[in-house]
Every structure is written in structure tokens, then in C-alpha cells.
There are 2 protein chains.
Amino acid sequence: NIVELLEMDTNRTSQWKDKKVLITAGPTREALDPVRFFTNYSSGKMGYALAQAAMENGAEVVLITGPTTLTPPQNVTTIEVSSADEMFEQVTKHYENMDIIIKTAAVADYRPASRNNHKMKKQQGPLTVEMERTRDILHYLGQHKKKQFLVGFAAETQDVKEYGRKKLEKKNLDAIVLNDVSRKDIGFDSDQNEVLFMTRDGKEQAIEQNSKRNIAKQIIQLIDYELRKD
Amino acid sequence: NIVELLEMDTNRTSQWKDKKVLITAGPTREALDPVRFFTNYSSGKMGYALAQAAMENGAEVVLITGPTTLTPPQNVTTIEVSSADEMFEQVTKHYENMDIIIKTAAVADYRPASRNNHKMKKQQGPLTVEMERTRDILHYLGQHKKKQFLVGFAAETQDVKEYGRKKLEKKNLDAIVLNDVSRKDIGFDSDQNEVLFMTRDGKEQAIEQNSKRNIAKQIIQLIDYELRKD
């Protein structure tokens, strides 16, 4: 709408006018048959808010998103995918000439090892579903990145900080954003969040509970600070 | 909005003013851990359209719905559930004094046999997920119904008609509505549908492709015809 457009133009700065930013968002869906699938509670809100904030900061933004109910932000190139495989394909196609990559998507770690072409009939008794690992997109990016500043997200329910530090190192990230999804008031479907921003060189910056939109703006500024430092 | 309210009042008839109707809609979610779950592509649109059509036909309507992105219809008592277990609990709580029960919900047949309280850590190699059967709500209703006219739905990808007839008999339904979800233009997330209405005594009535709203109105009228016949 007009009010949003006007507001956006006013807000838009040229701070990142030479920057290309790739953001992934949302869950993925891993099909068991044409009807049933595995997925997760990611709403995509944090990723969409980051795409909007990066765009308003002047960047050229590509948003690769799993299925969500959100409206794609204006002035952002949005690519819709469904499965972890499709996400991998699109990310590897786009990452090379990016300056910043922020991976908020909750990509499935596992998918059913085989997919039935027709709806499975239920039977008496239990069912065993064999799952196999999907490709680890963040790991791939950590191995292949050159100039890119790579930011991961970790949504955990326990030992959040310890797990975050390990993930940052193991995946060769430049920074990681941690949130505790066991809390009902923040995370996933909430419009609010509260995160800890951690960098490779040991900096930890807490961002207090706020709207995902404001959290996103602060994350963008923290990334900008790290870029200028180098 | 006002226009819808006016339209609704004009449309509302007293044909079913003495009828209580229970409708179930949407998918269910079966948790593997606090982040991951099994679900299916049901959008809930057909069930919501039926709730609206039954209400406009003068009935007192209870809609029990799994997670959807839809706005609950006005003048309908809407109860939100998440899992098959919660759906079973609410349906068994409400079915007894109903006149008509229409089960459009795509309730999960299976759920993970155990639910992890914390987010599972991924590991190298495959994962085996043991699934167990959920309680069969439609079967329960078929066994326990007295005066209620019980309508099931079957969403299939092959042998739709043959499967539908079997399901009608096995579940002790009064009627069943069949649709072929292998077709991309109808079913699940589409606003369009095309169905076959089948009764216990062998009647088959095709309803041509149309909006789910209009399909719903026709289904309500077919049910009404069956009720008057008895």
C-alpha cells in the first residue's frame, strides 16, 4: 500500500548500495507421499524481516524461501522452494556473487528415504519410516565461501549458547544468531524475538526482546559493523 | 465486513434451524520434537466452506479445525486443535447431540511413537522413525452414532471410486464425498473442487468443478435431500 511504499522510500538508505545479500527463510517440506510430509514450525518471519531490512539498507536482496503464509517484501527478488533439495539447488545457484549470506531457513535435516508416488494406505499396527540426511547447505557454504560474510541461525531448546558456538566453528561461519525456541513468547510463529549475536572472533551481543522487524534492523547493523572492521 | 454480513443475512435460511452440525477440517500435526512434525497438505478450505454453508442454511454449527491459515466463519463455534489426539478428544466431546457430522479433516493416520521433549540433534547417516496408529475418529463415529447422519471425505490419488465405496461401508457412513487429489487444478490448496457424492444406498451424484463455496452449498442440499427421504 501507499503508506508502506512512502515509508519504505524514506527509510531506504544507500549504506549497502553495493552489497548483494542472499537470505534463506521458512521451513522445508519433505514428502512421504503426495499427501503427507515432514516439516517444522518455522514461520519465515525472521528471514522476511531481514530481507526487508537489508533492502531498506540499500542492498540488492535475493530471498529464497520455503512455504510460508507471508507476503514477499517489495523490491526483493523472492524465489519459492519446497524441499531441502530445491533449497540447496537455488542457494548453490545464487551464492557465488553475494557479499552477505544469512541463512535463517529451518531446512529439514532428514527426509523420507523413499517417496511414494501414490497416497500410502494405512495398515494395522506401526509403521517404520526410514529417513536419510539432506545435504547440509550451511556446511556447503562454509566450505565454498570466498569473500562472503556468512551468518547462520540456531534455534535450540537447550544449551543454546554452547551449541551456537560449536555450530559457528564447525560450519565455518562468520557470525551466528541464537534463539531459544523453548520460550513461548519469542521465536517461530511469534512476531517477537530475542537473540544473541555471536561472531567468529568471540564477540557476543545480546539483542533484547523486540519485534522481529526491529531485531532484523539491529542484526543488519551488527553485520555492517563486522564488515567495516575487516 | 459489512457487505459480507449483509449478504450473509440475506442468504441465511431457516431450512436447518433445528439442526446441529459438527464439521471437522484441516490437517493435524504430529510432533516428533518441539520443532519437527508430520502433517499433510489439507488447507481446510472445503471444511470451512461447508461450515459456512451449513450456518447459512440455518444450522447451529460447530467447526473443529486443525491448523489452517483461514479466518473462522462468523456465527460458527470454532474449536482449534493441533494433533489427531486433540481432534479425537474434541469430536468425542461434541458428537452426541449432533444431527449431522461431516468429517473433512485430514487427520493423521500415524504419529511418531515417541515425542522428544528437546530438539533432536542430527547425526551422521540415516534415522529410523517409528510411527504408531492414531485413533480412527471416523470409525469411532460410525460405531457410536445413533441418529446422526455421518458424512466422510476421501482424498485419493488412484482408484478413487472403488476406495470410496469400501470406506463408506467399512466406516459405517451414510454418505461419502470423494475427490481426486492427484489433479493439480482441484483439491487441497485450490479454491476449486470437483467431487462425487455417494450414499450408503448406492446413489452417486457428481458435482462438477466449481468453487469450494458452491460445492459446499450443493453438498449441504444433497445431505438435506437424504435427510428428508428417511
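Residues numbered from 1 in each chain as written. Chains lettered and ligands numbered in written order. Predicted model: local features only at pLDDT ≥ 70, side-chain atom pairs only at ≥ 80, totals over all residues. Heavy atoms only, no water.

Some thoughts on the sheet that holds strand E3 (residues 36-40) of chain B
- Judged by pairing direction, the sheet is antiparallel, and its 4 strands sit side by side in the order E2(A)-E3(A)-E3(B)-E2(B) without closing on themselves. Edge strands, defined here as strands with exactly one partner in the open sheet, are strand E2 (30-31) of chain A together with strand E2 (30-31) of chain B.
- Pairing of E2(B) with E3(B) involves 2 bridges; the strand directions are antiparallel. Within E3(B), the position partnered with Glu30(B) by the bridge is Phe38(B). (Pairing = 2+ DSSP bridges. Helix = DSSP H or I, 4+ residues; strand = E, 2+ residues; numbered from the N terminus.)

A short note on the sheet that holds strand E8 (residues 127-133) of chain B
- Pairing within the open sheet is antiparallel, and its 4 strands lie in the order E7(A)-E8(A)-E8(B)-E7(B). Whereas interior strands pair on both sides, the edge strands pair on one side only; in this sheet they are strand E7 (110-112) of chain A together with strand E7 (110-112) of chain B. The average undirected angle you get between the axes of adjacent strands in this sheet is 40°.
- Examined bridge by bridge, E7(A) and strand E8 (residues 127-133) of chain A share 3 bridges and lie antiparallel to one another. Bridge assignment links Tyr110(A) to a residue of E8(A), and that residue is Arg133(A). (Axes fitted to C-alpha atoms, helices over the stretch in contact; angles between N-to-C directions.)

With respect to the relation of the copies chain B and chain A
- With an RMSD of 0.0 Å, the fit of chain B onto chain A corresponds to turning through 180° and sliding 0.0 Å along the axis. A rotation of that kind, with that shift, is consistent with a two-fold axis.
- Most of the interface of chain B is mirrored in chain A: 100% of its interface residues are interface residues there too. (Least-squares fit on C-alpha atoms with pLDDT ≥ 70 in both. Contact = heavy atoms within 4.5 Å.)

Some thoughts on the packing of aromatic side chains
- One pass over the full model with this rule turns up 7 aromatic pairs over all chains.
- Aromatic pair Tyr95(B) and Tyr140(B): ring centres 6.0 Å apart, planes at 85°, arrangement edge-to-face. Here Tyr95(B) is found in the loop between helix H3 (84-94) and strand E6 (100-103), whereas its partner Tyr140(B) is found in helix H4 (residues 137-144), with 45 residues between them in sequence.
- The class of Tyr95(B) is buried, set by a relative accessible area of 5%.
- An aromatic cluster is present here, built from Phe88(A), Tyr95(A) and Tyr140(A) joined pairwise through their rings. (Phe/Tyr/Trp six-rings, centres within 6.5 Å; stacked < 30°, edge-to-face > 60°. Buried < 20%, exposed > 50% of the residue type's maximum accessible area, 1.4 Å probe, protein only.)

Focus on empty space enclosed by the protein
- Counted under the stated rule, the structure contains 1 cavity of 30 Å³ or more.
- As a volume, the largest cavity reaches approximately 710 Å³.
- Along the wall of the largest cavity there are 48 residues; nearest its centre are Lys103(A), Ala105(A), Ala106(A), Val107(A) and Lys119(B).
- Of all elements in the fold, only strand E3 (36-40), helix H2 (45-56), E8, helix H4 (137-144), strand E9 (149-156) and helix H5 (160-170) of chain A reach the threshold of two or more residues within the lining of the largest cavity.
- Here the element with the most residues in the lining of the largest cavity is E9(A); it accounts for 4 residues.
- Among the residues forming the lining of the largest cavity, the class breakdown is 21 nonpolar, 12 polar and 15 charged. (1 Å grid on protein atoms, 1.4 Å probe; cavity = no way out; pocket = protein on both sides within 12 Å on 5 of 7 lines; lining within 4 Å. Points joined across faces, edges and corners; volume = space filled by probe spheres on them. Nonpolar A, V, L, I, M, F, W, Y, C, P; charged D, E, K, R; others polar.)

Examining unusual backbone geometry
- With a phi angle near 65°, Asn75(A) is a residue other than glycine that sits in the positive phi range.
- Positionally, Asn75(A) belongs in the loop between strand E4 (60-65) and strand E5 (77-80).
- With a phi angle near 45°, Asp159(B) is a residue other than glycine that sits in the positive phi range.
- Mapped onto the fold, Asp159(B) is located in the loop between strand E9 (149-156) and helix H5 (160-170).

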